[in-house]
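What follows is each chain in one-letter form.
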Amino acid sequence: MKTYLITGGAGFIGSNFIQYIFNKSREKILVINIDKLTYAGNLDNLRSVESLENYKFIKGDICDAEILQEIFENFDIDCIVNFAAESHVDRSIEDPSIFIKTNILGTQTLLDISKKYWKINDDFREGKKFIQISTDEVYGSLGKEGYFTEKTSIDPHSPYSASKASADLIVKSYYDTYKMPINITRCSNNYGPYQFPEKLIPLIINNCLNERYIPVYGDGKNIRDWLHVEDHCRAIDLVINKGVIGEVYNIGGNNEKENVQIVKYIISVLKNKGLSVSEELIRYVEDRKGHDRRYAIDSTKIKENLGFKPSLSFEDGMLKTLEWYLNNKMWLDKVGSGDYMNYYEKFYNKR
Ligand code: NAD
Ligand code: DAU
């Protein structure tokens, strides 16, 4: 029996990951999910696992050492997967402080508690691992040429990416200093089910379904490398089981697209499905401050060393994703209303 402590498991990637590991090995794992349930955390994402005996949810903050200590007292945690974060770049530009707290101090609190329970004299107990879920955004921005490798220098531009880069360096320092068993993963942009509609792809879908304008920042030609969340989950699982301790692994989709290409693609697929949407919904708005131009990942290391390659093409992944949102309109209506609409209207009215 392997015991996981998943942080931020009620968010987009965390909830997909919990479902992924239960689908893979239902009986052989115990999963403790600690989540603060911020605006981005949603227990509806976990309905398929909530009644399992080997799943336990704890509402809590990764900055709270006492609650973490209680978890480690009650469970012999083998693997921590740290998804918990403030994850939205635009929100970090509006107010960086919570990004610094959760993403940096929260990670350090988790590291300290796990070190306390995992370390005996100079060694760490066998089979323990701390996985830091990081992002390609720590590398900054590319021009037309080149790719981020694990050796690319860190050069973050937003308060969000700077907080993630800081956390990465702290995690690395626990390996360098204490030989703490860690891996860091740096993935490109994810899409798929249960993604909060402040992020580009669910925002486009939500706005199309509600006949709202689709705000495209700047000239719409910024490039992101898109990966379906199921593929990201599989890559994380490989890193947990086969990743060499102390190593960083980039995870990419080999799927570079301009933002406006994504917008037009979604509109065309929805149109083909009979929905009345058109490119007239597109509105070019003021650019994001410090907007990174292009992200592109070199995934050679994870491919050659751990055997990972994405299984879903962009077209299949997008079709699957669009169908999920169309079939789960109630989910989208629920998360895409109330507080989110206040944020959305205030944010876009300012642009
Ligand atoms: P998300 O915003 O959807 O989910 C974050 C979750 O963390 C939420 O459930 C939230 O309630 C929880 N949380 C926030 N602060 C917390 C705290 N202090 N204590 C406990 N829980 C807290 O984010 P996501 O898109 O699922 O991203 C998950 C991780 O993956 C993040 O670390 C992010 O940096 C990283 N990442 C995301 C992407 C992407 O495309 N979304 C790509 C690469 C890496
Ligand atoms: O690259 C990985 C990162 O991807 C993760 O670390 C972050 O947590 C995640 O939020 C995501 O960051 P981005 O900033 O790339 O994602 P976002 O969906 O916010 O924006 C994608 C692109 O679309 C970006 O170039 C900005 C643009 N955009 C975004 C929104 C919300 C628009 O043009 N209009 C919009 O309304």
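Below or above, wherever it landed, is the structure these notes cover. (Residues numbered from 1 in each chain as written. Chains lettered and ligands numbered in written order. Predicted model: local features only at pLDDT ≥ 70, side-chain atom pairs only at ≥ 80, totals over all residues. Heavy atoms only, no water.)

Observations regarding the sheet that holds strand β12 (residues 248-251)
Consideration 1: Taken together, the 7 strands give an open sheet; going across it, the order is β3-β2-β1-β4-β7-β8-β12, and neighbouring strands pair in parallel fashion. The open sheet has two edge strands, β3 (55-59) and β12, and neither has a second partner. Taking the axes of each pair of neighbouring strands and ignoring which way they run, one obtains an average angle of 20 degrees across the sheet.
Consideration 2: Judged from the 4 bridges that link them, strand β4 (residues 79-82) and strand β7 (residues 129-135) form a sheet pairing that is parallel. Bridge pairing in β7 links V81 to I131.
Consideration 3: Contacting β1 (2-7), β2 (29-35), β3 and β4, helix α2 (residues 65-74) crosses the sheet at an angle of about 170 degrees to β2. (Pairing = 2+ DSSP bridges. Helix = DSSP H or I, 4+ residues; strand = E, 2+ residues; numbered from the N terminus. Axes fitted to C-alpha atoms, helices over the stretch in contact; angles between N-to-C directions. Contact = heavy atoms within 4.5 Å.)

Points about the environment of S188
Consideration 1: With respect to the element layout, S188 can be found in the loop between β8 (182-187) and β9 (189-191).
Consideration 2: Spatially, the C-alpha atoms of S188 and F57 are 28 Å apart, while their sequence positions differ by 131 residues.
Consideration 3: For S188, the residues in contact, after removing those within four places along its chain, are D136, D225, L227, I251, G252, G253 and I297.
Consideration 4: From its side chain, S188 meets the backbone oxygen of D225 in a polar contact 2.9 Å long. (Polar contact = N/O pair within 3.5 Å; in protein donor to acceptor, adjacent residues only side chain to side chain.)

Comments concerning the pairing of β1
Consideration 1: With 5 of 6 residues buried, β1 lies mostly within the body of the structure.
Consideration 2: Read from β1 through helix α1 (residues 12-24) to β2, the crossover connection turns out right-handed.
Consideration 3: Relative to β4, β1 is paired through 4 bridges, and the arrangement is parallel. Bridge assignment links L5 to a residue of β4, and that residue is I80. (Buried < 20%, exposed > 50% of the residue type's maximum accessible area, 1.4 Å probe, protein only. Right-handed = clockwise from strand over helix to strand, strands pointing away.)

Quick look at the site of ligand 2
Consideration 1: Not every one of the 24 residues close to ligand 2 is listed here, only the nearest: D136, Y160, R288, H291 and Y348.
Consideration 2: Residue S87 places a main-chain N or O atom 2.8 Å away from an oxygen atom belonging to ligand 2.
Consideration 3: Between an oxygen atom of ligand 2 and a side-chain N or O atom of H291, the distance comes to 2.7 Å.
Consideration 4: Relative to its unbound accessible area of 690 Å², ligand 2 is 94% covered by the protein chains.
Consideration 5: Counting residues per element, the ones that place at least two in the shell around ligand 2 are α6 (200-209) and β10 (214-217).
Consideration 6: With 3 residues, β10 is the largest single contributor of residues to the shell around ligand 2. (Near = heavy atom within 4 Å. Areas by Shrake-Rupley, 256 points an atom, 1.4 Å probe, with all protein chains shown as cover.)

Structural notes on the site of ligand 1
Consideration 1: Lining the immediate surroundings of ligand 1 are 28 residues, of which I13, D35, S87, Y160 and K164 lie closest.
Consideration 2: Contact distances for ligand 1 include 2.9 Å between a nitrogen atom and a side-chain N or O atom of D61.
Consideration 3: Within the contact set of ligand 1, an oxygen atom lies 2.6 Å away from a side-chain nitrogen or oxygen of Y160.
Consideration 4: Protein contact buries 97% of the 840 Å² of open area that ligand 1 shows by itself.
Consideration 5: Top contributing element to the shell around ligand 1 by residue count: β7, with 3 residues.

Brief notes about the packing of aromatic side chains
Consideration 1: In total, this model carries 23 aromatic pairs according to the counting rule given.
Consideration 2: A ring pair is formed by F22 and Y55, whose centres lie 6.4 Å apart and whose planes are at 75 degrees; its orientation type is edge-to-face. Here Y55 lies in strand β3 and F22 lies in helix α1, a separation of 33 residues in the sequence. Taken individually, F22 and Y55 each receive the classification buried, so the pair is uniform in this respect.
Consideration 3: Residues W324 and Y325 carry aromatic rings whose centres are separated by 4.9 Å and whose planes lie at 85 degrees to one another, so their mutual orientation is edge-to-face.
Consideration 4: Among the aromatic residues, those joined into a ring-pair cluster are Y39, F196, Y217, Y340, Y343, Y344, F347 and Y348.
Consideration 5: One Lys or Arg, K179, reaches over the ring of Y175 and ends 5.0 Å from the middle of that ring. (Phe/Tyr/Trp six-rings, centres within 6.5 Å; stacked < 30°, edge-to-face > 60°. Lys NZ or Arg CZ within 6 Å of the ring centre and 35° of its normal.)

None of the figures reported here should be taken as evidence of function without further support.
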